[in-house]
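Observations on the model geometry
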Amino acid sequence: MVTDEALMLQFQRGSRDAFDELFARHRQELFGFFRRRLANRERAEDLAQETFLAMIRAISRYQPRALVRTYLFGIAMNLLSAERRRERIDHPTPGAEPAIGASHDEALWVREAMAKLDDVDREILMLREYEQLAYAEIAELLRLPVNTVRSRLFRARMALKSRLKAEEA
Amino acid sequence: MRQPNHPMEPDEIMGYLDGELSVDRAASAAAHLERCPECQTVAGDLRTVAHEMLSWQVEETRLQMNPALSVALAERASRRPWRVRPWVWALVGATAVLLVLAIPRRQPPSVGDDVRASPPPREMRSEAKPEEQIFGPPQGAAQSAGYVLDAPLVARTASLNLTTSDFEHVRGAIDDFLTRHKGYLASLNITAPAGAARSLTANLRVPAADLPAAMSELKHLGRVDSEQQSGEEVTEQYADLEARLANARNTEQRLTEILRQRTGKLSDVLDVETEIDRVRGQIEKMDGEKKGLTKRIEFSTIDLTVTEAYKARLDVVPDSTFGRLRNAAVEGYANMIGGIVAVGLFSMTVGPTVLLWTALLFFPLRYAWRRWRRRGM
C-alpha cells in the first residue's frame, strides 16, 4: 500500500488519482474531527471539503516532514479556529461547544463531561482519543510543550473519570 | 495518595499505555505496573475513560468532492508549474542557442512575394477530399485539416484582370477550370450594359498547391491586363487558435466531469452548467474561426475580372419617316424646354453677380467717360 506521504508527493507532481486516494482515505476522519466539534453536520462536511481545498492550494509548498494526517489536522485546526471566531461574532452568547452540548444519544454523558473541561484540555483529549495523534503531534498543533500536553491530557482523563464515577453513583 | 518515592509518575503510566515511552522506559513501566496496585488502579481508570469515550462515534459521511474542490483540482492541473532545476534550464537554453545558430532561418513569404516561386503551403495530415461541385468548398476538407507547425502557414490570394474577344465562352471555361482543379466558385457577377463592353467578375477558390497552374490556365482566357499575387502568413494565428481551442475543450471536459459528480448545492450545479454553456459557445466560435482559417490556407483565392474587347456595332437598318419625324419633334420640344430651362438657370446663377458688378462699376465708369469726353472737347 502506498503511504500517504508518497501519495502527497505524487499529487504534488500532478497526479489526480493520488488526490482521489487521499480524499478517500481521510474524508471520514476529517469529517469526524469537525462533526465532534460543531453542531451542524453540513458545516462539518463543508469544512472537511475546505480542508482538502486548502491542501490543494498549498500542495506546491508541501514537504514530507510530518505525517499527512497530522498535516491535514493542522489545516483542520486552523479552519476550526476561524469557524469558532466567526461563530463568536455571529452568536456572541457564551456557551459550550455546540456539538458537545448536544444531547440526544448514548454518548450523552461523555459529551456533557467533556463540555465541562477546560478548552485546551478538551482539545488535547479529543485529539488523542479520536484523532489518535501522538503527544508530539498534539504539541505541534496546539503549540504547546510535549510535557504540558502529557500533564494536561492526564488531568483531562482523570477529570472525566471522576465525572463518570459521579454519574455511576 | 501516592507514596513519596514512587518510581513512576501516573502520567508516565498513561504515556506507557499510549505507547509514548521509549523502549527502556516502557519496559520499566511494564515491570512497575505488574507489582504496583496504585498504578494498576490508575491504568484501569485510564482504560475505562478511553473505553467510555469510544461510545461517542460520529456517523459515516457520504462526503464527495464538491464543485469547488473539482474546479480547484482542474485549475491546478491546468497551471501546474514545472519544477525544473536551474541546471536543466541552463542546459535547455544552451541547446536552444545552438539550434538557433545551427539551423538556417526560413523567411516566411511576405505580402507581394511571387507565390509561384515559393513551395506549396505544407503537408497536411489529411488530404482535402475533392468534390464535384462548383459552389461551396469540398465537404470535409477544412474540417479534417490539422497541421504540423514545422513550416509557415500561408493564405494566398491572387487577382487577374483579362480582356477577351471571346466572352461567350468565358463562363463555361471557368466551370471547366474549377472542376479540373477541384476548386469552387465563391461568387460570380456578370454585367452586360447596352452599348458597352460586358464584364465578368468572379471569386474563385482553388487548392493552394494548384495556384500557379491555375493562374497560368486562366491567362489563356484572354489578354492579361494586370496580375497580382500575395501571401499572408497565418502560422502564429493558427497555433494560437489551436492552443486556445485545446484549452477550452479541456475546460469543458473538466466541467462536464464536475457536473457528472454533482454533489454540491443546486446553485453550484447551475453555475457549472452556465460555465459549460459559455465554454461551449467559445469552442464553437473558435471552431468556426479555425475552419475559416484552414479554408484560407487550403484554398487560394483568385479574384478574376474578364472584360469583353468591345467593338461598336453599326446599325444598318434605317428608321421609318414617321418615326424620324416624331423623334425630331420630340427632340425639338425637348431642346426648347431645355433652352428655356438653361436660360432660367443661367439668369439665376449669373444674374446676381452681374447686377452687383454693374451697380458697383456704373458710377465710376460714367464719371470716367464724362471726363474723357471733356478732355476730348
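Use the structure listed above.
Okay, so let's go over this structure. (Residues numbered from 1 in each chain as written. Chains lettered and ligands numbered in written order. Predicted model: local features only at pLDDT ≥ 70, side-chain atom pairs only at ≥ 80, totals over all residues. Heavy atoms only, no water.)

Notes on the overall build of chain B
Secondary structure summary: chain B contains eleven helices and five strands in total. By residue count, 29% of the 377 residues in chain B fall in the buried class. Split by element, the accessible area of chain B, about 25000 Å² in all, is 57% carbon and sulfur. (Helix = DSSP H or I, 4+ residues; strand = E, 2+ residues; numbered from the N terminus. Buried < 20%, exposed > 50% of the residue type's maximum accessible area, 1.4 Å probe, protein only. Areas by Shrake-Rupley, 256 points an atom, 1.4 Å probe, with all protein chains shown as cover.)

Observations regarding the overall build of chain A
Counting secondary structure elements, chain A contains nine helices and zero strands. Looking at chain A as a whole, 49% of its 169 residues are labelled buried. Sequence-distant contacts, at least 24 apart, represent 60% of the contacts inside chain A between residues at least 6 apart. Counting only carbon and sulfur atoms, one obtains 49% of the accessible surface of chain A, whose full area is about 8300 Å². (Contact = heavy atoms within 4.5 Å.)

So, the interface of chain B and chain A
On the side of chain A, 48 residues touch chain B, which itself brings 37 residues to the contact. When the two sides are added together, the surface that chain B and chain A hide from each other amounts to roughly 4000 Å², 61% of it contributed by carbon and sulfur. In terms of surface lost to chain A, no three residues of chain B exceed B:Met53, B:Trp56 and B:Leu63, which account for 22% of the buried area on that side. Viewed at the interface, chain A and chain B are joined by seven salt bridges. (Buried area = accessible area lost by both parts, 1.4 Å probe. Salt bridge = Lys/Arg side-chain N within 4 Å of Asp/Glu carboxyl O.)

Let's talk about the pattern of salt bridges
Scanning all chains against the criterion turns up 39 salt bridges over all chains. A salt bridge links B:Arg180 to B:Glu217; the nearest nitrogen and oxygen atoms lie 2.0 Å apart. In this pair, B:Arg180 is assigned in helix α7 (residues 170–181) and B:Glu217 in helix α8 (residues 211–219), connecting sequence segments 37 residues apart. When salt bridges with common partners are traced through the structure, they connect A:Arg43, A:Asp46, A:Glu50, A:Glu83 and A:Arg86 into a single cluster.

A word on the state of the cysteines
All names here are of chain B. For the coordinates displayed, the defined rule picks out zero disulfides over all chains. You can see Cys36 has no disulfide; the closest cysteine sulfur is in Cys39, sitting 3.5 Å from it. The class of Cys39 is buried, set by a relative accessible area of 0%. (Disulfide = S-S within 2.5 Å.)

Re the packing of helix α4 (residues 68–90) of chain A against helix α8 (residues 135–142) of chain A
Residues and elements named next belong to chain A. Relative orientation of the contacting elements α4 and α8 amounts to 35°, with a least axis distance of 10 Å. Between α4 and α8 lies a crossing of right-handed hand. The segment α4 lies against α8, with Thr70, Phe73, Gly74 and Met77 engaging Glu137, Leu141 and Leu142. (Axes fitted to C-alpha atoms, helices over the stretch in contact; angles between N-to-C directions. Left-handed = near helix turned anticlockwise from the far one by under 90°.)

Brief notes about helix α7 (residues 119–129) of chain A
Residue and element names in this part refer to chain A. For α7, the buried fraction is high: nine of the eleven residues fall into the buried class. Along α7, the residues that are buried comprise Asp121, Arg122, Glu123, Ile124, Leu125, Met126, Leu127, Arg128 and Glu129. The residue sitting at the N-terminus of α7 and contributing the capping side-chain oxygen is Asp118; that oxygen lies 2.9 Å from the backbone nitrogen of Val120. (Polar contact = N/O pair within 3.5 Å; in protein donor to acceptor, adjacent residues only side chain to side chain.)

Describing the packing of helix α2 (residues 16–35) of chain A against helix α3 (residues 41–58) of chain A
Residues and elements named next belong to chain A. At their nearest, the axes of α2 and α3 sit 9 Å apart, and the two run at 140° to each other. As far as their axial angle goes, α3 and α2 are oblique. In the packing of α2 onto α3, the handedness of the crossing is right-handed. Along its contact with α2, which presents Phe19, Leu22, Phe23, His26, Arg27, Leu30, Phe31, Phe34 and Arg35, the element α3 presents Arg41, Ala44, Glu45, Leu47, Ala48, Gln49, Thr51, Phe52, Met55 and Ile56. Residue composition of the contact of α2 with α3, grouped by class: twelve nonpolar, three polar and four charged. (Parallel < 35°, antiparallel > 145°, perpendicular 65-115°, else oblique. Nonpolar A, V, L, I, M, F, W, Y, C, P; charged D, E, K, R; others polar.)

Some thoughts on helix α2 (residues 23–35) of chain B
All names here are of chain B. Its 13 residues give α2 an end-to-end C-alpha distance of 19 Å, which sits within 8% of 18 Å, the value for a rise of 1.5 Å per residue. Residues Ala26, Ala29, His32 and Leu33 constitute the buried set of α2. Taken end-on, α2 shows its buried residues confined to a sector of 130°, consistent with a single buried face. Every exposed residue of α2 that faces more than 90 degrees away from the buried side is listed here: Val23, Asp24, Glu34 and Arg35. Those residues of α2 that are buried are in contact with α1 (10–17) and α3 (37–53). (Expected span 1.5 Å × (residues − 1). Arc of directions from axis to C-beta.)

Some words on the sheet that holds strand β5 (residues 299–308) of chain B
All names here are of chain B. Taken together, the five strands give an open sheet; going across it, the order is β2-β3-β5-β1-β4, and neighbouring strands pair in mixed fashion. Across the chains shown, the open sheet's two edge strands, defined by having one partner strand only, are β2 (184–191) and β4 (223–233). Strand-to-strand twist in this sheet, taken as the mean axis angle between neighbours without regard to direction, amounts to 10°. As judged from the nine bridges shared by strand β3 (residues 199–207) and β5, these two strands associate in the antiparallel manner. Of the residues in β5, the one forming a bridge with Ser199 is Thr307. On the sheet, α7 packs against β1 (154–164), β2, β3 and β5 and is oriented at approximately 5° with respect to β3. Seen against the sheet, α8 touches β1, β3, β4 and β5 and runs at an angle of roughly 10° to β1. (Pairing = 2+ DSSP bridges.)

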